[in-house]
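Structural description and commentary
Given next are the chains, with one letter for each unit.
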Amino acid sequence: MSGARHDARGAAGWRSDGQLPLSIARQCFKALVRGPQPLALDCRTLAGLPQGLVPLDELLDQLLHGHCPRATKDAVWSELVQRSRADGAIWTLACTGMALPALAKVSRRLATSYPGDPADVHAEVLTGFLGALPTIDLDRPRVLVRLKWAAYRRGFAALSEALDAPTPAGPGFESAPPRPPWGHPDLVLARAVRSGVLTRTEAHLIGSTRLDKESVSDWACAHKATPAAVYKARRRAEHRLIAFIRDGIRTGGADDPVAGAAMAGIAGPKLSKGAA
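First, a word on scope: everything that follows refers to the structure included in this document.

Examined against the element boundaries, Thr 209 turns out to sit in helix α10 (residues 200–211). Judged by relative accessible area, which is 9%, Thr 209 ranks as buried. Here the side chain of Thr 209 touches Leu 205 through a polar contact of 2.7 Å, landing on its backbone oxygen. Here Arg 234 takes part through its side chain, which lies 3.1 Å from a polar atom of the side chain of Thr 209. When neighbours within four sequence positions are excluded, Thr 209 is seen to be in contact with Glu 214, Ser 215, Val 216, Trp 219 and Arg 234.

Applying the stated rule across the entire model yields 7 salt bridges. When the shortest N-O distance is used, the salt bridge between Asp 218 and Arg 70 registers 3.6 Å. Taken together, the positions of Asp 218 in helix α11 (residues 216–222) and Arg 70 in helix α4 (residues 70–87) put the pair 148 residues apart, joining distant regions of the chain. For Asp 218, a relative accessible area of 11% corresponds to the buried category. Under the relative-accessibility criterion, Arg 70 is labelled partly exposed at 48%. Put simply, Arg 240 and Glu 202 hold a salt bridge, and the shortest N to O gap is 2.7 Å. Here the residue Arg 240 occupies a position in helix α12 (residues 227–252), and Glu 202 occupies one in helix α10, the gap between them amounting to 38 residues. Several salt bridges converge on common partners, so that one network encompasses Arg 70, Arg 142 and Asp 218.

The rules we used
Residues numbered from 1 in each chain as written. Predicted model: local features only at pLDDT ≥ 70, side-chain atom pairs only at ≥ 80, totals over all residues. Heavy atoms only, no water. Helix = DSSP H or I, 4+ residues; strand = E, 2+ residues; numbered from the N terminus. Buried < 20%, exposed > 50% of the residue type's maximum accessible area, 1.4 Å probe, protein only. Polar contact = N/O pair within 3.5 Å; in protein donor to acceptor, adjacent residues only side chain to side chain. Contact = heavy atoms within 4.5 Å. Salt bridge = Lys/Arg side-chain N within 4 Å of Asp/Glu carboxyl O.

Structure, rendered in structure tokens:
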């Protein structure tokens, strides 16, 4: 059994002593790069990176803040994933550490809207990421972007299921105001999916390119589509979403904070006037 498959199956068990799973992953990654022999990658053939063995924490800094070409970043991620598949747990953990900035961003965003324990969202995001390591296509560009969206899809599915769950009733349960910020746009995207207004793919598209500022070209590449087709699909989906939000405002009142926040956060002033 590969390390990636083993860790993907057990990601939900990474929680310990009240710590969030990504915090535990960060501590483990720091242990890998600490000491006189930190885990490193040979970068002698990679343009734009220091030549020789580069400790992974320094390599991560180079990928985030350096000026290495996109092809170099893909080459690094291709090597990391191949080592995870061949060598198992240590390099699977190394992949997780190298992806932590992206995974943390996804987890924070989804946890903001999640009605339960944020650790559950972290675990699901990790599971989605780790589950994609054995199967992600390394011949296509933007390896990390596609891994990130595998993680997001898993976390978003958990959010949708949590919002679908019935509210407990009976002794010990009382009505209470929603957890802030209860007007977060991801909540409205999830509700639109549950209502059949958007598909999950359309919700991912709007969430990533409008809320997470992912470029349409990056999203298109990660989903085997052309930018023109993605722009067209997003425009159609957003028109349906705006109608859904406006219907909520009419039925819920003009001062509905959920609909108002979603219209401002997702649609935006330009879109609400009909712009693409």
